[in-house]
Each structure stands twice: as C-alpha cells, then as structure tokens.
Amino acid sequence: MDLPLEITNIAIERGTILHSNIFADIDHGKYFVIIGVDKDYVAGFFFINSNINKAIWNKKEQFEMQYPMRPCDYDFLRHDSFLCATNIITRTRKELSESIQEKRTSVVGKMQEQHINEVLELVRNSKLFSKIEKTRFFY
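Here the structure is a predicted model, which means the values were calculated and not measured.

### Considerations on the overall build of the protein
No. 1: Each helix and strand in the protein was counted, giving five helices and nine strands.
No. 2: Reading the helices (α) and strands (β) of the protein from amino to carboxyl end gives α-β-β-β-β-β-α-β-β-β-α-β-α-α.
No. 3: For the protein, whose C-alpha radius of gyration is 15 Å, the value lies close to the compact-globule estimate of 14 Å for 139 residues.
No. 4: Counting only C-alpha atoms, the protein reaches 50 × 35 × 30 Å along its principal axes.
No. 5: When the 139 residues of the protein are sorted by exposure, 41% land in the buried category.
No. 6: Restricting to contacts in the protein with at least 6 residues of sequence separation, those with at least 24 account for 63%.
No. 7: Accessible surface computed for the protein: about 8200 Å², of which carbon and sulfur atoms make up 50%.
No. 8: The positive charge centre, built from 19 side chains, and the negative charge centre, built from 19, are 5 Å apart in the protein.

Written out as structure tokens, the structure reads:
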C-alpha cells in the first residue's frame, strides 16, 4: 500500500534519519539526518560517514562539525560513525516524500533529542553557515 504524501510528510521532521540513493553525485545509498526544516524545504541532509574525510583534518571549522554517532545509540549503525555537518543540502518536502513513496528513500530512525540539540548548537555557532541559513533552518 502506498502512503499518501500527507502521511509521508509527517515523517519528515528535524532529527529524522533516512537512507537514500537520491544523490546524483554519490554512487551508493547514504544515511543522512534532517536537521533544518521550514514550510516547504528540509535541509541539513547531513550525511553519516564511517570516517572523517582526511581532506578536512586540517580544516578546523569543518573538522569541528563532525559529530560522533555510536551503534549503542543507533541500531542501524554497524560501527562508530560521524555526522558531517559541514554544508547544507536542501530538498523540497514533496521531492523527499515522493522518494519515500518510490522506495528510493526509507526512514531508519530518529536522532536522540540530546544529540539533535548538540548538533543544532554546533551549527548555530559555526562560521560555515550564514546568518540567513541559520535563521531559516536551525532555529
């Protein structure tokens, strides 16, 4: 049974963890977290990676935006991982809902409230995002 877009939209909120293959420049499915929301868009789309990319080890602002995630907190993880909160990707709610209906995207969990708050604090204090972006998506 296909879910109506309205019901699918309910699952699209801050802290939702999804797995998807909708990213054109990535050749495999990725876990990601929605951190930013507004009326029409979801943002953040911060990817969960197995390791911190070596290219940012010497980039202080980007390195500080690697938030640790542990399998003891998230049962879909197989090993310690990192939420990479270094750049904002946005999608319309409709586009994301349609990808869920098409089974290209699936909801795998919800980030713990404490972790959401810690990531939001990181993002709000980061120099990587403009005041407009922060106000629009992260408050």
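### Points about the confidence of the model for the protein
No. 1: Per-residue pLDDT for the protein averages 89, and the proportion of residues at 70 or more is 93%.
No. 2: Within the model, the stretch residues 3-8 combines pLDDT values under 50 with 10 contacts to residues more than four positions away or in other chains.

### A few points about unusual backbone geometry
No. 1: In this structure, Lys 103 is a non-glycine residue whose phi angle is positive, near 65 degrees.
No. 2: Here Lys 103 shows up in the loop between α3 (93-101) and β9 (105-110).
No. 3: According to the relative accessible area criterion, Lys 103 is exposed, its value standing at 66%.

### Digging into the pairing of strand β4 (residues 41-44)
No. 1: With two bridges joining them, strand β3 (residues 36-37) and β4 adopt antiparallel strand pairing. By the bridge assignment for β4, Gly 36 is matched with Ala 43.
No. 2: Linking β3 to β4, which pair antiparallel, is a turn of three residues.
No. 3: Sheet topology note: the β4/strand β8 (residues 89-92) ladder contains four bridges and is antiparallel. Note on β8: the bridge partner recorded for Ala 43 is Thr 90.

The rules we used
Residues numbered from 1 in each chain as written. Predicted model: local features only at pLDDT ≥ 70, side-chain atom pairs only at ≥ 80, totals over all residues. Heavy atoms only, no water. Helix = DSSP H or I, 4+ residues; strand = E, 2+ residues; numbered from the N terminus. Rg over C-alpha atoms; globule rule 2.2 N^0.38 Å. Buried < 20%, exposed > 50% of the residue type's maximum accessible area, 1.4 Å probe, protein only. Contact = heavy atoms within 4.5 Å. Areas by Shrake-Rupley, 256 points an atom, 1.4 Å probe, with all protein chains shown as cover. Lys, Arg positive; Asp, Glu negative; His and termini not counted. Charge placed at Lys NZ, Arg CZ, Asp CG, Glu CD. pLDDT = per-residue confidence, 0-100. Pairing = 2+ DSSP bridges.

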